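One letter stands for each residue in the lines below.
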Amino acid sequence: MRVELLGPLLVRDDAGGEIAVPAGRQRALLARLALEPGRNVTAAALIDALWPDDAPANATGALHTQLSRLRRLLGGAHIESGTGGYRLTGATTDAAEFEQAAARAEAASREDSPAAVRDHAEAALALWRGPALADLDHAPFAGTALVRLSVRREAVAALHLDARLRLDGAEAVLGELAARHAADPLAEADAARYMRALAASGRQAEALSVYESVRARLADELGVDPSAGLAAAHLDVLRGVEASTAAKSSRLPRPLTACIGRESELEALAALLKANRLVTLTGPGGTGKTRLAIEAAHRLAADGHAVHLVELAPVADPSRLPEIVLDTLGLGESILSRRNEDPMARLVEALWGRDTVLAVDNCEHLIEDAAALLAQLLAQVPGLRVLATSREALGITGEAVFGVGPLPLPEPDAPLADLRSHAAIRLFEERARQSDPDFTVDEANAPTVVQVCTALDGLPLAVELAAARLRGMSLDDLAARLDDRFGLLGRGPRTAEPRQRTLRAVVDWSWDLLDPAERRVLARMSVFNGGADLDAACEVCSATADQITGLVDKSLVQRLPGGRYRLLETVREYAAARLAESGETGDYYARHAEYFAAVGEAAEPHLMRAEQVEWLDRLALDHGNLTAAVRRMIAAGDAPLAHRAIAPLSWYWWMRGYRLEGQELARQVRAMEGPVASIYRAKVAMAGSWGMWSGQLDPTEVDAGFAEAEILIERDQVSVAEPVAQMVPIIRALLAGDETRLRSILESLVRPEDAWVRGIALMFVSDFSLRAGRKELASAELAESNAIFERLGERFGLILSLQGLAGDRMAAGDYREARRMLLRAIAAEAEFGADLADSVIAESLWRLDAEHGDDPAAELGRMRVVEERAKRIGNTENVIAARVSASICMRRLGRLVEARDELLSAEIGLPRFLSFSEVSVQLYRQLAVVARELGDPDLEIRAAGMVSGSNWPFSS
């Protein structure tokens, strides 16, 4: 018999037929017994359930009557009497099954197994047909049980949502989260989930809007601030929530062929990764370390873990390792970040508190630096696990080394079924079918297949290269040619590992089978850093599409999802050596640099338009190629091509957060001598000036570079259509504080193609208007600037103009509109996929909340949390900005002396050059206000003088 309580009471016999139980006391009695199946329920408890308000005089006798009737209805065997009570036997209940499934889901959650959580939670939730005990809710015992079961159901539903969010991605659960939030807008846990899912789906503005709505309702209706959990979700949205798991999984490369013969290794790896935080796959080239690591990464992602593949093969500069990992995580710098510190601290913060697995591939050429980086990360980030591949162990304490060897080979005389089950034979057969769909290992050819695989030592790469040759030769020819080739092995260098000699011989053999044109193309493919699309491969390598795809068919070139092509590192090293032997390396480095200089030039104008995010993403795919082009031309002493390659990349480096790298490359290129076109010299002269906007560079030195650029532009009459050429005199006028010249230039910017430059210039002149007390003019100039960038869809100008307009609204007392504009600016900035916690706009929000929030004491506490985070990641200016906002809270609380001391203490950390430092302007503004309220005229004059002496051009 089965009793169902999770909905209206329903009873079924063993055959599934429904047993009708009369309404009233019979149903109540059965429900009360079924809530504790198999356990004694006292007579007193049953009497209380049947007659909660007024029990009859002979309550025991009345209970016996009800029990007798129920026994006749159900069959006497289902209700037994025991010491002091009665129990229901021989029956299952959906409530008990729900409790068991819920317990399993909770246990799986503690074990961090989201797939199991999802399955158990779904089983638990599927048992519900409606509100529990729906037709008995008038009974007190039923009400108590309903509350208990409903609370647990909500907990299981929350676990289910969290698991689906990790396994299926945000898009899969957004509808359900939206419905839950709409049903109870003040449920902060649901609101936090909804915000994170919206952000993970790329809808950051909506996520921030949800937070603002909940925050306002909590304050208006309950008089409380957001909980720590909701505040943490808000910070996560500002920082840039990781993409949902479905998106994360898709970012792992998806090989076009199956991983064959590594089932036992994958099981062992899964166990090792559970027990160890660092597992390194070691072995010689060609054993399939990368393929095994990628397959393991996909399995971890399928289990709900955040897995990111960090490919080190294209990396030449070990100092960029932290930036490479940050880029892999999708956490570039905010485009308004002024940070100039080591990105290592940012990386630690980005990984902190997250269950993350880094799959770090090809560590061997950077072994010491990679080991140092991973050792530091593992020591500082408790939730991090690493799966690395390298030809040697990293040598880090706690490292579990997993040797990856060749695939196992069968005995030559083994039965056919056993032969075909061996990994090397399976791999050969699978890859051979890509060349010849009818190929099968059978009794006739099995000995030859075993001979081939044995000669290749079971090395996966060697087996794949050999099997690919069946497109153009028979299996017998293949075996004969391999015999000839491997007879020469004894002449090879005996100092090499035998398997390495085998692999070299196979690659040599594959090379020899290419025609001369194919060899040239393969060698030239080695110049790409991180792969290339088909157009680039054909253009740079002087190749046809058929030649590239022909090398794919021969397994010498990999075709990646998305239409990009690359060489396995083992093959790339071989191809690069062949290119050097031919004497073509220099020529094809130059051809590569010319191609990617053209890519940068094609992208540059789009970086100032609505399509800028799309073009930034395009450039990001070729970041390794873009930087390699510049570095190689520096090394070759080719000043014209080095200048041309770097000139269009300033906006890309700025908006993608590669400022340190770009600034250093620009410095090296500027120092090169040689005949260079003036426009390129001018652009490179300006390229390294980003540090000025954070007070890190001397404006005098920056002006000298701009003066050089201006001379070149005027002397050689560089086209005024170039935005860079137009910006040079504008920046120089700003540096000189020359409002007259700035306005004169602004009046000349009237053509449609001048719109972007005009929008920037309007922001600059609005600051002069504001300083002169012409507030209406400043507001009009900001509004025109904002309208230009709205029309263009250009986010950088849009963000800065919205910040200026928000300052204008704050001055007018319209704090709600100021907040709306700042949130809109952050939403625009979020489209770049950057870490928004560094953003100047976030700092503006801190000051707004500090000055006008309902609870300055709570805001003060929040600023201390923000300050500690900024200290942890080494962002000095965020630290100062948080302390400025903290001082505002102190001033509002009447703690003026503490506010003054806070600001004076923070002043010590200000950057060296203050005239272009916004955080300095904000600090001295607040210091002047505090000094005035304290009655300290000397301090007020000093602080006000620092504000008036600033050249910071963006009115805020």
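Residues numbered from 1 in each chain as written. Predicted model: local features only at pLDDT ≥ 70, side-chain atom pairs only at ≥ 80, totals over all residues. Heavy atoms only, no water.

**Things to note about the pattern of salt bridges**
The final tally for this structure, using the stated rule, is 69 salt bridges. Note that Arg32 is salt-bridged to Glu36, the shortest N-O span being 3.0 Å. Here Arg152 makes a salt bridge to Glu106, at a shortest N to O gap of 2.8 Å. Of this pair, Arg152 sits in helix α6 (residues 140-168) while Glu106 sits in helix α4 (residues 94-110), placing them 46 residues apart in sequence. Residue Arg152 is classed as partly exposed on the basis of its relative accessible area of 23%. Judged by its relative accessible area of 22%, Glu106 is partly exposed. (Salt bridge = Lys/Arg side-chain N within 4 Å of Asp/Glu carboxyl O. Helix = DSSP H or I, 4+ residues; strand = E, 2+ residues; numbered from the N terminus. Buried < 20%, exposed > 50% of the residue type's maximum accessible area, 1.4 Å probe, protein only.)

**Some thoughts on the side chain of Asn786**
Assignment of secondary structure puts Asn786 in helix α38 (residues 775-792). On the basis of relative accessible area, Asn786 is assigned to the buried category, the value being 11%. Setting aside chain neighbours within four positions, we find Asn786 in contact with Leu798, Ser801, Leu802 and Leu805. (Contact = heavy atoms within 4.5 Å.)

**Some thoughts on helix α12 (residues 263-275)**
The terminal C-alpha atoms of α12, which comprises 13 residues, lie 19 Å apart, in line with the 18 Å expected from a rise of 1.5 Å per residue. Looking only at α12, the buried set comprises Glu265, Leu266, Leu269 and Leu273. For α12, the angular spread of the buried residues around the axis is 95°, confining them to a single face. Exposed positions of α12 whose direction lies more than 90 degrees from the buried face are Ser264, Glu267, Lys274 and Ala275. Buried residues along α12 sit against β7 (278-282), α13 (289-302), β11 (384-390) and β12 (400-403). (Expected span 1.5 Å × (residues − 1). Arc of directions from axis to C-beta.)

**A look at the sheet that holds strand β13 (residues 532-533)**
Strand order across the open sheet formed by three strands is β13-β15-β14, with antiparallel pairing between neighbours. The sheet is open, and its two borders are formed by β13 and β14 (558-560), each paired with just one other strand. Pairing between β13 and strand β15 (residues 564-566): two bridges, direction antiparallel. Paired with Asp533 across the two strands is Arg564, which belongs to β15. (Pairing = 2+ DSSP bridges.)

**Describing the domain arrangement of the protein**
For the protein, the assigned domains are domain 1 (1-168), domain 2 (183-241), domain 3 (264-332 + 342-403), domain 4 (416-502), domain 5 (514-582) and domain 6 (838-955). Computed over C-alpha atoms, the centres of domain 1 and domain 6 are 60 Å apart. (Domains from an automatic or database assignment.)

**Remarks on the pairing of strand β4 (residues 79-82)**
The sheet contact formed by β4 and strand β5 (residues 85-88) spans four bridges and is antiparallel. Bridge pairing links Glu80 to Arg87 in β5.

**Some remarks on the nonpolar core**
Counting residues in each nonpolar core, the largest one holds 171 residues, and the members touching the most others are Phe428, Leu478, Leu522, Met525, Phe528, Met727 and Ile730. The element that contributes the greatest number of residues to this core is helix α37 (residues 755-771), accounting for ten residues. Once residues within four sequence positions are removed from consideration, Leu522 is found in contact with Trp511, Leu514, Leu551, Leu556, Val557, Leu567, Val571 and Ala575. With 49 residues, the next largest nonpolar core counts Leu35, Ile79, Ala132 and Ala139 among its residues. (Core = buried A, V, L, I, M, F, W, Y, C linked by side-chain atoms within 4.5 Å.)

**Considerations on the environment of Val360**
In this fold, Val360 is placed in strand β10 (residues 356-361). Linking Val360 and Ile826, residues 466 residues apart in sequence, is a C-alpha distance of 32 Å. Not counting the four nearest positions on each side in its chain, Val360 is found in contact with Val310, Leu312, Leu374, Val386, Leu387, Ala388 and Thr389.

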